[in-house]
Amino acid sequence: MNSIHDCYTLSNGVRIPSVGFGTYKAADGKSIEILKIAIETGYRYFDTASFYGTETFVRDAIKDSGIRREDFFIASKLWKDEMGYENVKQAFARTLENLGTNYLDLYLIHWPLPAPDYEDWKTLNTETWRALEELYEEGKIRAIGLSNFLPHHIENIVKSCKVKPMVNQLEFHPGYTQEAAVRYCQERGILVQAWSPIGRGRVLADAMMLEMAEKYQVSTAQICLRYALQRGIVPLPKSSTAERMRQNQDIFAFELSQEDMYRIDTMPQTGWSGEHPDRERMKF
Ligand code: A2P
């Protein structure tokens, strides 16, 4: 990979840019401006979700840019209360409407369980997936996948599916690398994507990360993003300033040594959001 426009090829042949722009919590008054700046600085892959409330901002920013729809890669996700066969069909129609498009490049199930104590999540997931498969087969979505799914959740889908998930989006950053889930996906040709790839800033103050930033003469955020890239994982950084948006794309001119990769792989847990699909949220 030499730029954010270089692509991975998903298991169904669809090409997906190596870095995307995350839109979570861009939902304040300035978010259309933020998304316009993101387009101006070069981002073409936008990761949104019905839950984020940012789909309409993505739509407006793309419309204002004058750039063709097909030059963008747009991913969205169905929320916990949109799971289930019928609900998905309606949720998808709403998402298309919000995004002002007639197809999605990627559509994901946001979380495997609506709540940690939800008993029949297995049936709910397979019904939800069946609706995604149909939309995919009708040509309305170019690729389908999962988000926050752990190996046992994915196995349940894979057991009965017609179309295998192409993507799994996980919290992934130095200090929280979910090795078992990443390995499971990568061994099966499921592309891993990283949400919160710089640990929402909490990783940035870590002494070892600061040392590496100094060594490679880049920022700690760039170390985090480069780390994901070298793991074959698509980072989805978000930022509200043009300077950081550009900085977060400038991760192709240096390479972390194998030793430094191992040091990041094995650093103690840092900056975990506290979210786990099977548990109540941990507060730190
Ligand atoms: P800001 O909007 O002020 O740039 P994550 O994607 O890991 O959840 O992190 C998002 C947070 O990281 C945002 O609060 C963003 O703040 C900050 N951030 C994004 N890029 C950088 C960067 N290059 N350097 C420092 N902080 C950054």
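Residues numbered from 1 in each chain as written. Predicted model: local features only at pLDDT ≥ 70, side-chain atom pairs only at ≥ 80, totals over all residues. Heavy atoms only, no water.

Undergrad: Before we move on, could you go through the overall build of the protein and cite the residues and values that matter?
TA: Along its length, the protein carries ten helices and ten strands. Taken over C-alpha atoms, the radius of gyration comes to 18 Å for the protein, in line with the 19 Å a tight globule of 284 residues would show. Judged by the C-alpha coordinates and their principal axes, the protein covers about 55 × 45 × 35 Å. Residue burial in the protein is summarised as follows: out of 284 residues, 56% are buried. Pairs at least 24 residues apart make up 73% of the contacts formed inside the protein by residues separated by at least 6 positions. Just so you have it, the protein exposes about 12500 Å², and 48% of that area is on carbon and sulfur atoms. (Helix = DSSP H or I, 4+ residues; strand = E, 2+ residues; numbered from the N terminus. Rg over C-alpha atoms; globule rule 2.2 N^0.38 Å. Buried < 20%, exposed > 50% of the residue type's maximum accessible area, 1.4 Å probe, protein only. Contact = heavy atoms within 4.5 Å. Areas by Shrake-Rupley, 256 points an atom, 1.4 Å probe, with all protein chains shown as cover.)

Undergrad: How would you explain the site of the ligand if you had to name every residue and give the values?
TA: In the neighbourhood of the ligand, 13 residues make up the surrounding shell, with Lys 238, Ser 239, Ser 240, Arg 244 and Gln 247 lying closest. Here an oxygen atom of the ligand and a side-chain polar atom of Lys 238 are 2.7 Å apart. Contact distances for the ligand include 2.8 Å between a nitrogen atom and a side-chain N or O atom of Asn 248. Taking 570 Å² as the accessible area of the ligand by itself, protein coverage stands at 79%. Class assignment of the residues belonging to the shell around the ligand gives a composition of four nonpolar, six polar and three charged. (Near = heavy atom within 4 Å. Polar contact = N/O pair within 3.5 Å; in protein donor to acceptor, adjacent residues only side chain to side chain. Nonpolar A, V, L, I, M, F, W, Y, C, P; charged D, E, K, R; others polar.)

Undergrad: Can you explain the side chain of Gln 249? Please cite residues and give values.
TA: When you line up the elements, Gln 249 lands in the loop between α9 (242-247) and α10 (258-265). Residue Gln 249 is classed as buried on the basis of its relative accessible area, which comes to 15%. Beyond its immediate sequence surroundings of up to four residues, Gln 249 is in contact with Ile 4, Thr 41, Gly 42 and Tyr 43.

Undergrad: Describe helix α4 (residues 121-137), listing the residues and the values that go with them.
TA: In an α-helix, one turn spans 3.6 residues; hence positions three or four apart end up facing the same way. An ideal rise of 1.5 Å per residue puts 24 Å on 17 residues; α4 measures up with 24 Å between its terminal C-alpha atoms. Among the residues of α4, Trp 121, Leu 124, Asn 125, Thr 128, Trp 129, Ala 131, Leu 132, Glu 133 and Leu 135 are the ones counted as buried. Looking at the packing, one finds that the buried side of α4 touches β5 (73-78), α3 (85-99), β6 (106-109), β7 (144-147) and α5 (151-160). (Expected span 1.5 Å × (residues − 1).)

Undergrad: Report on the pattern of salt bridges, specifying residues and quantitative values.
TA: With the rule as written, the count across this model stands at 21 salt bridges. With its nearest N and O atoms 3.7 Å apart, the salt bridge here joins Glu 33 to Lys 36. Of this pair, Glu 33 and Lys 36 both sit in helix α1 (residues 31-41), separated by three residues, roughly a single helical turn. We classify Lys 36 as partly exposed; its relative accessible area is 24%. A salt bridge links Arg 231 to Glu 179; its shortest N-O distance comes to 2.8 Å. Here the residue Arg 231 occupies a position in the loop between α8 (220-230) and β10 (234-235), and Glu 179 occupies one in helix α6 (residues 179-187), the gap between them amounting to 52 residues. You can call Arg 231 buried: its relative accessible area is 17%. You can call Glu 179 partly exposed: its relative accessible area is 28%. Beyond isolated ion pairs, a larger network of salt bridges with shared partners links Lys 89, Glu 127, Arg 130 and Glu 134. (Salt bridge = Lys/Arg side-chain N within 4 Å of Asp/Glu carboxyl O.)

Undergrad: Can you tell me about unusual backbone geometry, naming the residues and giving the values?
TA: Unlike most non-glycine residues, Ser 196 shows phi in positive territory, near 55 degrees. Residue placement: Ser 196 occurs in the loop between β9 (191-195) and α7 (207-216). Under the relative-accessibility criterion, Ser 196 is labelled buried at 3%. Look at Gln 217: it is not a glycine, yet its phi comes out positive at around 60 degrees. Within the secondary structure, Gln 217 is located in the loop between α7 and α8. Using a relative accessible area of 64% as the deciding quantity, one classes Gln 217 as exposed.

Undergrad: A description of the environment of Arg 202 should follow, citing residues and the corresponding values.
TA: Position of Arg 202 among the secondary structure elements: in the loop between β9 and α7. By relative accessible area, Arg 202 is classed as partly exposed at 39%. When the C-alpha positions of Arg 202 and Asp 64 are compared, they lie 34 Å apart, and in sequence the two are 138 residues distant. Ignoring anything within four residues of it in the chain, the contact list for Arg 202 reads Thr 270, Gly 271, Trp 272 and Ser 273. At 3.1 Å, the side chain of Arg 202 and the backbone oxygen of Gly 271 are in polar contact.

Remember, this is a structural readout, not a statement about activity or role.
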